[in-house]
Structures are given as C-alpha cells and as structure tokens.
Amino acid sequence: QVQLVESGGGLVQAGGSLRLSCAASGSTFSRPLMAWFRQAPGKERDFVAAITYSGLTYYGDSVKGRFTISRDNAKNTVYLQMNSLKPEDTAVYYCAATPASSLPPSTYWYEYRYWGQGTQVTVST
C-alpha cells in the first residue's frame, strides 16, 4: 500500500505563485511515475504534469511554461512549482503515482494506481 500526502495549497492572487509537495510512504514500488492532476467543480480530472524516476517531465498544454514538476527520490517527494497563476488554475490538485510504464506517460487519471487526498488551490482575481 502506498500513501500520498499533498501539502502547500492555499489562496493566492492572480499572477502569484504556490509550491505543492507530495510525500510518498508505505510500501513504495520501484521507480514510480509521479504526476499531478487537478479537478475543478463540475469538471473532469485533468492532467497537469508528470515526471519519471530519472527526471523526464511532461506537461499539460494549459500549464506549459508556468508550472514545473520536480522530484527528490531520496525523500520520496514530488513537487509542483506553480507560477503566474490564473483564476482558471483554481481546482483541487491531486498527486498520483503508478508503476513505471511506457513513455510518454498517460494523461488519463484512471490509469494511475495511487492517489493523494488532494489540496485546494484557489486563485483570486
């Protein structure tokens, strides 16, 4: 069993920045693919970014150039640095993990095995 715990969400003004963290614990598996998804009220859970164990990164089109995903394998932690935030970035952000798979990684939430509880990010105008 893998536990994922997100932190770092909150309220920020448009144009501001936030940094999310996701700590993994439990029976971790080898070289997991880590990802962030987000879900706004009434909408689908959308892919934000993913990172392989070796550090290859992938981003959704709406966050390219503004968000940066990174990971510290020694700490079993993945980060999401979010800059130039917009009101449309408002959502619950979820951390996800799944065994390493072929690349590019899937952008479908249902293909990820483990999930955190989510952290709210609210961007005000």
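Along each chain, the written sequence defines residue order, and numbers are assigned to residues from 1. Thresholds applied to this predicted model are a pLDDT of at least 70 for local features of residues and 80 or more for the giving and counting of side-chain atom pairs; totals over whole chains, interfaces and linings are not thresholded and use all residues. For the side-chain quantities, the full set of heavy atoms in the structure was used; hydrogens and water were omitted.

**Student:** What is the right way to look at a nonpolar patch on the surface in this model?
**Tutor:** Each patch is assembled from residues with relative accessible area greater than 30% and no salt bridge, linking like charges that lie within 9 Å and nonpolar side chains (Val, Leu, Ile, Met, Phe, Trp, Tyr) that lie within 5 Å. Note on areas: Shrake-Rupley with a 1.4 Å probe; residue coverage comes only from the protein chains shown. Should a side-chain nitrogen of Lys or Arg be within 4 Å of a carboxyl oxygen of Asp or Glu, the pair is scored as a salt bridge. On the surface, a nonpolar cluster with roughly 370 Å² of combined accessible area is contributed by Tyr 108, Trp 109 and Tyr 110. Strands here are runs of E lasting at least two residues and helices are runs of H or I lasting at least four, both read from the DSSP assignment and numbered beginning at the N terminus. Relative to the helices and strands, Trp 109 is located in the loop between β9 (91–98) and β10 (114–115).

**Student:** Got a minute to help me understand the side chain of Thr 119 in this structure?
**Tutor:** Mapping Thr 119 onto the fold places it in strand β11 (residues 119–124). Two N or O atoms count as a polar contact when they lie within 3.5 Å, although within protein this holds only if one can serve as hydrogen donor and the other as acceptor, and sequence-adjacent residues are included solely when both atoms are side-chain atoms. Only 3.3 Å separates the side chain of Thr 119 from the backbone nitrogen of Gly 9, close enough to count as a polar contact. Leaving out residues up to four positions away in the same chain, Thr 119 has contacts with Glu 6, Gly 8, Gly 9, Leu 20, Ala 91, Val 92 and Tyr 93. In what follows, residue pairs with any heavy atoms lying within 4.5 Å of each other are defined as contacts.

**Student:** I would appreciate a short explanation of the state of the cysteines in the present structure.
**Tutor:** Put simply, a disulfide is two cysteine sulfurs that come within 2.5 Å. The tally for this structure, following the rule as stated, stands at 1 disulfide. There is a disulfide in this structure between Cys 22 and Cys 95, and the S-S distance comes to 2.0 Å. An S-S torsion of about -80 degrees defines the bridge between Cys 22 and Cys 95 as left-handed. One end of the pair, Cys 22, is in strand β3 (residues 18–26); the other, Cys 95, is in strand β9, with 73 residues separating them in the sequence. Summary of the burial criterion: residues with accessible area below 20% of their type's maximum are buried, those above 50% are exposed, and those between are partly exposed, where the area comes from a 1.4 Å probe applied to protein chains only. Of the residues examined, Cys 22 reaches a relative accessible area of 0% and is grouped as buried. Judged by its relative accessible area of 0%, Cys 95 falls in the buried class.

**Student:** Teacher, can you tell me more about the pairing of β3 here?
**Tutor:** It is a general feature of regular strands that their side chains alternate between the two faces of the sheet. By this definition, two strands are paired if DSSP reports at least two bridges between them. With 6 bridges joining them, strand β1 (residues 2–7) and β3 adopt antiparallel strand pairing. Bridge pairing in β3 places Ser 7 opposite Ser 21.

**Student:** Which parts of the structure should I look at to understand the environment of Trp 109?
**Tutor:** Since its relative accessible area comes to 38%, Trp 109 is described here as partly exposed. The spacing of Trp 109 and Arg 71 is 38 residues in sequence and 20 Å in space, taken between C-alpha atoms. Beyond its immediate stretch of four places on either side in the chain, Trp 109 contacts Phe 37, Glu 44, Arg 45 and Trp 115.

**Student:** Looking at this structure, how should I read the packing of aromatic side chains?
**Tutor:** The geometry of an aromatic ring pair is captured by two quantities: the separation of the ring centres and the angle between the planes. In this scheme Phe, Tyr and Trp rings, the latter by its six-membered ring, pair at centre separations within 6.5 Å, and the angle between planes marks the pair as stacked below 30 degrees, edge-to-face above 60, and tilted otherwise. Within the structure shown, the criterion is met by 7 aromatic pairs. Ring centres 5.8 Å apart and planes at 80 degrees place the aromatic pair Trp 109 and Tyr 110 in the edge-to-face group. One aromatic cluster is present, formed by Phe 37, Phe 47, Tyr 94, Tyr 112 and Trp 115 through successive ring pairs. Of note, Arg 19 hangs over the ring of Tyr 79, and the distance from its end group to the ring centre comes to 4.1 Å. Counted as over-ring charges are cases with an Arg CZ or a Lys NZ within 6 Å of the ring centre that also lie within 35 degrees of the ring normal.

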